[in-house]
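A structural walkthrough
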Amino acid sequence: MPELPEVEVVRAGLERHVVGATITSVEVLHPRPVRRHLAGAADFAAVLAGRRVVAARRRGKYLWLPLDDPETGDALMAHLGMSGQLLVQPAESVAERHLRVRLALEGAAEGRELRFVDQRMFGGLSLSTGGAALPPEIAHIARDPIDPLFDDDEFVRRARRSSSGVKRLLLTQTLISGVGNIYADESLWRSRLHGERPGNRLAAAQLHELLGHVREVMNEALAQGGTSFDALYVNVNGESGYFDRSLHAYGREGDPCDRCATPMRRVAFMNRSSYFCPTCQPAPRVRR
Ligand SMILES: [Zn+2]
């Protein structure tokens, strides 16, 4: 699943290759990715034709392209879901196996298409009316920790009022967005915190340190992702495996902890898994 750094790489790619282009026509090859457009696929295609892309923005893992006016216009929203990709391809290039929507471009991206490719189709595209500045559909989602306007103190205050486990807090999109399961585990390992430690039992300094590690992990992935994107040039590619090579926690069940050599453990967590070192990240004591 694309995590926030990959989505930011996609946003930067869209900014570079699609902003300034006009959408001339839209072809929906499968209705599921445009299911949120209730008027249907034909209407989706009709309302986008002739619109000019004027920016590429992101909140958490949601992307949007403001159309015609960056403040008051509509927006084309995209979510990559589990397996979605946005590609900028020459119009004549062979269709990808899981190509779902193609948008023909002219102007800044003459002769190219923006393509939404998605095998599993949990992601999709939709039109947000008047959503150029911030689509109302995602206004409840908090900023992410690499957003310059993210408020650390506010996050720490709210986390310390909650009895939820700190990993769950990291995955609460109304509190902090864009931190997926993999980066949550990695940040908690670096902070020596067990994910079940309740927010209201942590010191402010521990939470500030955790935020620092979240940013560190994301910036490392961004640095690597940026390189991948340049290598691909016109491929605005939402799929990757480039970030998993430097991970200390995720996917390492039974491997020795990189700090203390204790075998790493895996436990079930919200239909997923959590990976941690039982020595460096001791479970909270049960309060009686
Ligand atoms: Zn350890």
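Reading the values: rules and limits
Residues numbered from 1 in each chain as written. Predicted model: local features only at pLDDT ≥ 70, side-chain atom pairs only at ≥ 80, totals over all residues. Heavy atoms only, no water. Helix = DSSP H or I, 4+ residues; strand = E, 2+ residues; numbered from the N terminus. Rg over C-alpha atoms; globule rule 2.2 N^0.38 Å. Buried < 20%, exposed > 50% of the residue type's maximum accessible area, 1.4 Å probe, protein only. Donors = N, O, S within 2.8 Å, 3.2 Å for Na, K, Ca; no water. Tetrahedral: all angles 85-135°; square planar, octahedral: opposite > 155°, others 65-115°. Pairing = 2+ DSSP bridges. Axes fitted to C-alpha atoms, helices over the stretch in contact; angles between N-to-C directions. Contact = heavy atoms within 4.5 Å. Core = buried A, V, L, I, M, F, W, Y, C linked by side-chain atoms within 4.5 Å. Salt bridge = Lys/Arg side-chain N within 4 Å of Asp/Glu carboxyl O.

Side note on the overall build of the protein
From N to C terminus, the protein includes six helices and ten strands. Relative to its length of 288 residues, the protein is compact, with a C-alpha radius of gyration of 20 Å against a globular reference of 19 Å. With respect to the principal axes defined by its C-alpha atoms, the protein has extents near 65 × 35 × 30 Å. Scored against the burial criterion, the 288 residues of the protein give a buried share of 52%.

As for the coordination of the zinc ion
For the zinc ion, the full set of protein donor atoms is Cys257 (SG), Cys260 (SG), Cys277 (SG) and Cys280 (SG), at a range of 2.2 to 2.3 Å. Seen from the zinc ion, its four donor atoms lie at angles of 100 to 114°, and the figure they make is tetrahedral. Counting gaps between the donor residues of the zinc ion yields the pattern C-x2-C-x16-C-x2-C. Of this pair, Cys260 sits in the loop between helix 6 (204–232) and strand 9 (265–269) while Cys277 sits in the segment after strand 10 (272–276), and the two are 17 residues apart along the sequence. We classify Cys260 as partly exposed; its relative accessible area is 31%.

Here we look at the pairing of strand 7 (residues 112–118)
Regular strands have side chains that alternate between both faces of the sheet. Where burial is concerned, most of strand 7 is hidden: six out of the seven residues are buried. With seven bridges joining them, strand 5 (residues 84–90) and strand 7 adopt antiparallel strand pairing. Each bridged residue has a counterpart across the sheet, and for Gln89 the counterpart in strand 7 is Glu113. Connecting strand 6 (residues 99–107) to the antiparallel partner strand 7 that follows it, the hairpin turn spans four residues, and Gly111 within it adopts a positive phi of roughly 80°.

Remarks on the sheet that holds strand 8 (residues 124–128)
Spatially, 2-3-4-8 is the arrangement adopted by the four strands of the open sheet, whose pairing is antiparallel. The sheet is open, and its two edges are formed by strand 2 (57–59) and strand 8, each paired on a single side. Sheet twist, expressed as the mean angle between neighbouring strand axes with direction ignored, is 25°. The pairing of strand 4 (residues 75–79) with strand 8 spans five bridges and is antiparallel. Across the sheet, His79 pairs through a bridge with Gly124, a residue of strand 8. Contacts between helix 2 (residues 41–48) and the sheet are confined to strand 4 and strand 8, with strand 8 contributing the most and set at about 60° to the helix.

Topic: the nonpolar core
When a protein is soluble and globular, its nonpolar side chains tend to lie buried together. Grouped together as the largest cluster of nonpolar side chains are 29 residues, with contacts concentrated most on Leu14, Leu86, Leu103, Leu114 and Leu125. Beyond its immediate stretch of four places on either side in the chain, Leu114 contacts Leu14, Val18, Leu65, Leu86, Leu87, Val88, Val101, Arg102, Leu103 and Leu105. By size, the runner-up hydrophobic cluster in this structure holds 26 residues, among which are Leu4, Ala159, Val214 and Val217.

Topic: the pattern of salt bridges
When the charged atoms of two side chains lie near each other, side chains of opposite charge can form a pair. Within the structure shown, the criterion is met by 21 salt bridges. The residue Glu8 makes a salt bridge to Arg11 at a minimum N-O spacing of 3.0 Å. In this pair, Glu8 and Arg11 both sit in helix 1 (residues 4–17), three residues apart, roughly one turn of the helix. Judged on exposure class, the residue Glu8 and its partner Arg11 are both buried. Taking the shortest distance from any N to any O, the salt bridge between Arg115 and Glu96 comes out at 3.0 Å. In this pair, Arg115 is assigned in strand 7 and Glu96 in the loop between strand 5 and strand 6, connecting sequence segments 19 residues apart. This pair shows no difference in class: Arg115 is buried, exactly as Glu96 is. Several salt bridges share partner residues, and in doing so they unite Glu8, Arg11, Glu15, Arg58 and Asp144 into one network.

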